[in-house]
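Residue-level structure breakdown
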Amino acid sequence: MIISVWLIGYGLPRDESMIVFLLLVGVIQSVAAYQIGKYVERLRQMAYHDSLTGVLVNRRFLDKLVEEVELAKSNHQSVTLLFIYLDNFKIFNDSFGHLEGGRCHGQYRSSLVSTPCCNSGRVSEKSRYAYV
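Residues numbered from 1 in each chain as written. Predicted model: local features only at pLDDT ≥ 70, side-chain atom pairs only at ≥ 80, totals over all residues. Heavy atoms only, no water.

**Remarks on the overall build of the chain**
Of regular secondary structure, the chain possesses five helices and two strands. Taken from the N to the C terminus, the helices and strands of the chain come in the order α-α-α-α-α-β-β. For the chain, the residues scored as buried account for 16% of the 132 residues in total. Taking contacts inside the chain between residues at least 6 apart in sequence as the whole, the part at least 24 apart equals 43%. Approximately 10600 Å² of the chain is accessible, and the part contributed by carbon and sulfur atoms is 62%. (Helix = DSSP H or I, 4+ residues; strand = E, 2+ residues; numbered from the N terminus. Buried < 20%, exposed > 50% of the residue type's maximum accessible area, 1.4 Å probe, protein only. Contact = heavy atoms within 4.5 Å. Areas by Shrake-Rupley, 256 points an atom, 1.4 Å probe, with all protein chains shown as cover.)

Here is the structure:
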């Protein structure tokens, strides 16, 4: 962007040192854009996933659910939503603490996600949205 503003304002550089300067600015700008992109992706990951369990947070889960329902409608497919209730989990949480409870949820989620779900003979990727 800086280079395009320069070219619009001043035209093509005539001096070799100015060409080198503009190339250097372009490289720095590209590296900065790449780093900012990585940072934004990391922020997105942190905003949409629980840091301890790795599951989608409520808002992102609901967004994904709506997205999956719309995709299924457009492809004339069905969607299955499975709720799993862990009996007496509150006792575990109260006994071992919320940190251990979160770890337990994370392990449970991992076991769900790693188990292939069969759907008409093909592996479904819907379990990637497992929410515990």
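**A word on the pattern of salt bridges**
Where side chains of opposite charge bring their charged atoms close, a pairing between them can arise. Under the criterion given, the structure shown has three salt bridges. Measuring nitrogen to oxygen at the nearest pair gives 2.7 Å for the salt bridge that ties Glu-100 to Arg-103. A residue pair is termed a helical-turn pair when its members lie 3 or 4 positions apart in one helix, as Glu-100 and Arg-103 do in helix H5 (residues 98-114) at three residues. Judged by relative accessible area, Glu-100 falls into the partly exposed class, the value being 33%. (Salt bridge = Lys/Arg side-chain N within 4 Å of Asp/Glu carboxyl O.)

**Some words on the packing of aromatic side chains**
The way to describe two aromatic rings as a pair is by their centre distance and the angle between their planes. Within the structure shown, the criterion is met by two aromatic pairs. Relative to Phe-92, the ring of Phe-89 has its centre 5.6 Å away and its plane inclined at 25°; by these criteria the two rings are stacked. A residue pair is termed a helical-turn pair when its members lie 3 or 4 positions apart in one helix, as Phe-89 and Phe-92 do in helix H4 (residues 89-96) at three residues. When the ring of Phe-92 is compared with that of Phe-96, the centres are 4.8 Å apart and the planes differ by 40°; the resulting orientation is tilted. Of this pair, Phe-92 and Phe-96 both sit in helix H4, four residues apart, roughly one helical turn. Residue classification places Phe-96 among the exposed residues on the basis of a relative accessible area of 55%. Taken together through their ring pairs, the aromatic side chains of Phe-89, Phe-92 and Phe-96 make up a single cluster. (Phe/Tyr/Trp six-rings, centres within 6.5 Å; stacked < 30°, edge-to-face > 60°.)

**Considering unusual backbone geometry**
Note: most peptide bonds trans; most residues except glycine with negative phi. Of note, the phi angle at His-76 is positive, near 55°, even though the residue is not glycine. Tracing the backbone shows His-76 in the loop between helix H3 (58-74) and H4. Using a relative accessible area of 75% as the deciding quantity, one classes His-76 as exposed.

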